[in-house]
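Summary of structural features
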Amino acid sequence: MIPQPGGGERPLGIPTIRDRVVQTAAKLLLEPIFEADFDPNAYGYRPKRSAQEAIQKVHKLLCEGYANVVDADLSKYFDTIPHSELGSEDCRSGHAASD
């Protein structure tokens, strides 16, 4: 386990070449599917989009009279995913563990 700056610990994960190949294949397959449904105003972790483009878009909208900016940070969300359940038969069959 690796200590976290804010307290707590996380497991050490070192991907292998096989892991990277599978990750890349999944990305190439799934990215176009999900990109088609994403909001065009979302910039986080999107291909061919940068933080600078997001800032430019916010500035443009503020100049047009918009007054509110919403920022959501989901960085800790992925720490809450029940990884042990992801490998379960229920998860692979599409059923939630609580079903």
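So, here is what we can say about the structure in this document. (Residues numbered from 1 in each chain as written. Predicted model: local features only at pLDDT ≥ 70, side-chain atom pairs only at ≥ 80, totals over all residues. Heavy atoms only, no water.)

1. Notes on the pattern of salt bridges
- Enumeration according to the criterion identifies 3 salt bridges in this entry.
- In this structure, the salt-bridge partner of K27 is E31, at a minimum N-O distance of 3.2 Å. One end of the pair is K27 and the other is E31, both in helix 1 (residues 17–35) and 4 residues apart, which spans about a single turn.
- We classify E31 as partly exposed; its relative accessible area is 27%.
- Put simply, R46 and E35 hold a salt bridge, and the shortest N to O gap is 2.8 Å. With R46 in the loop between helix 1 and helix 2 (51–63) and E35 in helix 1, this pair connects stretches of sequence that are 11 residues apart.
- What makes R46 buried here is its relative accessible area of 9%. (Salt bridge = Lys/Arg side-chain N within 4 Å of Asp/Glu carboxyl O. Helix = DSSP H or I, 4+ residues; strand = E, 2+ residues; numbered from the N terminus. Buried < 20%, exposed > 50% of the residue type's maximum accessible area, 1.4 Å probe, protein only.)

2. Some points on the packing of aromatic side chains
- Scanning all chains against the criterion turns up 0 aromatic pairs.
- R49 extends its terminal NZ or CZ atom over the ring of Y43, reaching a point 4.8 Å from the ring centre. (Phe/Tyr/Trp six-rings, centres within 6.5 Å; stacked < 30°, edge-to-face > 60°. Lys NZ or Arg CZ within 6 Å of the ring centre and 35° of its normal.)

3. Considerations on unusual backbone geometry
- Its identity is not glycine, yet Y45 carries a phi of approximately 55°, on the positive side.
- Of note, Y45 is situated in the loop between helix 1 and helix 2.
- The exposed category is assigned to Y45, whose relative accessible area is 90%.
- Although it is not a glycine, K48 sits at a positive phi angle of roughly 60°.
- Checked against the element boundaries, K48 lands in the loop between helix 1 and helix 2.
- A residue is classified by how much of its surface remains accessible, and K48, at 84% relative accessible area, is exposed.

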